[in-house]
Every structure is written in C-alpha cells, then in structure tokens.
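# Fold and contact review
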Amino acid sequence: MTEREDEYEKIETVDCLGLPMLPNMLLEHVKSVSTMTPRVGDIFVVSYPRSGTTWMSYIVWEILHNGEPLPPADDMIHRLAPFLDIVGAEGVEYLESPRVMRIHLPYHLTPVSLKAKYIYVTRNPYDCCVSFYHFAQNLKPIYQFDGSFDDFFENFYRGNVPYGNYFDHFLSWFEHRCDPNVFFVSYEDMKINHETVVCKVADFLETPVKHDENLVRKIVENTEFSNLKSAHKVNISRFLLSGESEKKEMPLNYFRKGELGDWKNFFNKEQKRRLDEMVAQRLNAIDITTLWHGAI
C-alpha cells in the first residue's frame, strides 16, 4: 500500500442500516423507507448516487404527464418526485398515485413490492466517482469534505461515501434486472439512445406514448440533458441538514456535464489500474462494454 493510499482526507460518516451516511442527514427518514409499504402503481427511480436518478425522474414525469412543460426545479425535486431517503416515508403520503419517488438504497433496503415498479439506473464507476466528487465539492457545508480528487477517490474506492460501496449497490440490483417489475438501464444508454430509452420506459410504465411520434419527440426534447441543465437549480439544504439552525439557502444544479468518459480528465494511471482490477474482480461475468457503451 502506498503512502497516498494510506493517508488521505476521509469523509466523516455514520452507520445507518449498515450503510455509511453523512451525520447531518435525517437518518430516521432513511430508516423509515425500508419499512414502508408501497402503494399499487408506485414508481421508484433508483440508483447509486450520481448515476442519473434525477434525469430519469424527469423522463418518467414527462411520460406520465404527456410531455407537458417542465415543472419548476424546486417543485420537481421537493414535491413531484422527492428523494425518499431525505423526506422519509411520511414525506410522500400526500402524493397522489402513481407516486414517483427517487431513492439511493440498495435492493435489500428498498421497500420492494410486486404492486410497484422500479427503474434502476446504473453508471460506470469511473464517471460516477468524478461526478460524486464534484457533488461533494459543491456541498461542502453538508459533506464537510475539503479534500482533493485523489482523496475522494480513496473514499470512493473503499466505499467510505454515502450509500457505501458502488459494486455492492450495483450487484444488489443487477441480480434483479430480469424481475417483471424492474427496468434496468444505464446512464450511458440514456445519453446515446435517449429516444429509445424514453420509449422503453414508457412501455415499462404501460403507457401508449411510443405510438405518438410527436409526443415522443416532445418528451425527448424536454428531457435532453442540456435542457435540464439550463433549467434545473434547486435549494436542497432544508432536506439535508438535520439542525434547524444550520439550514440556509444552498443552491445546487444536479446536472453538471453529463459527458461520457470525463473520468479521463481526473484519473491518474494508478487509480485507473486499481479500479480496473476492482471491476474485473467484482463484475467479471458481466459484459461491461455493452452495459456502459465503452465509456471506460
């Protein structure tokens, strides 16, 4: 083990249901999710952090609302497709069915029911790591992390980030990719085959959207990454900080670059080698070239 691997700035986390979480999150809300009972028609958009959860939630909302103009970002994030992990089970009781909820929990902690549908979005771990790093940098008051990318890589590699080890999370859902109520898709597919993904999601949700070319075109345009990036800035502090006195305006745009292969601008050769070895060890039976469209 090199000095760099042994000495790095660690992200402070606390245990919650066996997962590392930020100490200033409302952990009781996270715990409430695993025991909630889904309603008939509930739609859970699931992913490891920084893998496309919010983007997919917009696609789902647009499909369910026939390509209507995008709602205000704050409404979308806090009211129309809230993060269950942040608002808790009680925080979505007011939603009318079908409820659209975002979640970052692994399969065994997710409230699974045949009455509900689950869309799991995966992203290659290289780009995911870079995006996660920038997210933490933009939310320093929450993450309390002031380290470099090299420091963050060590935390990510060891699973010392909110929601834990990337590979544990991915594999927990990959094993259920063929379940009838699970739709498994990659971020890379959303970028490269956006219209096809929109139609497949519409089919999964049992809507006739794909039969209306004009409607499909409208949904695709509304949910293009560039359009969402320009329109999407929210204040998330009220849902992430546990102390009332700490809450203050904290604007955030969930959409950064959205580029495939941006990791090449950050990883050094040794980091690439180590993550390559981890990918080979944990995902040796999976065709990652097809899954992530060659992004690595």
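Just so it is clear, the model here is predicted, and its values are computed rather than measured.

## Considering the side chain of Thr54
Take Thr54: it is sitting in helix α3 (residues 53–64). For Thr54, a relative accessible area of 6% puts it in the buried group.

## A few points about the pattern of salt bridges
Inspection of every chain in the model, using the stated rule, returns 12 salt bridges. Here Glu270 ties to Arg273 by a salt bridge, and the two come within 2.4 Å at their closest N and O atoms. Here Glu270 and its partner Arg273 are both found in helix α15 (residues 269–282), three residues apart, which amounts to about one turn of the helix. Owing to a relative accessible area of 33%, Glu270 belongs among the partly exposed residues under this scheme. Overlapping salt bridges, with partners in common, bring together Glu154, Arg158 and Arg274 in one network.

## Structural notes on the pairing of strand β5 (residues 117–122)
Most of β5 sits out of view: six of its six residues are buried. Residues Lys117, Ile119 and Val121 point to one face of β5 and Tyr118, Tyr120 and Thr122 to the other, with burial holding for every one of them. Examined bridge by bridge, strand β3 (residues 43–47) and β5 share five bridges and lie parallel to one another. For Ile43, the partnering residue across the bridge sits in β5 and is Lys117. Bridge analysis of β5 against strand β6 (residues 182–186) gives five bridges, and the strand direction is parallel. Of the residues in β6, the one forming a bridge with Tyr118 is Val182.

About the thresholds
- Residues numbered from 1 in each chain as written.
- Predicted model: local features only at pLDDT ≥ 70, side-chain atom pairs only at ≥ 80, totals over all residues.
- Heavy atoms only, no water.
- Helix = DSSP H or I, 4+ residues; strand = E, 2+ residues; numbered from the N terminus.
- Buried < 20%, exposed > 50% of the residue type's maximum accessible area, 1.4 Å probe, protein only.
- Salt bridge = Lys/Arg side-chain N within 4 Å of Asp/Glu carboxyl O.
- Pairing = 2+ DSSP bridges.

Read these as spatial facts, not as claims about activity.
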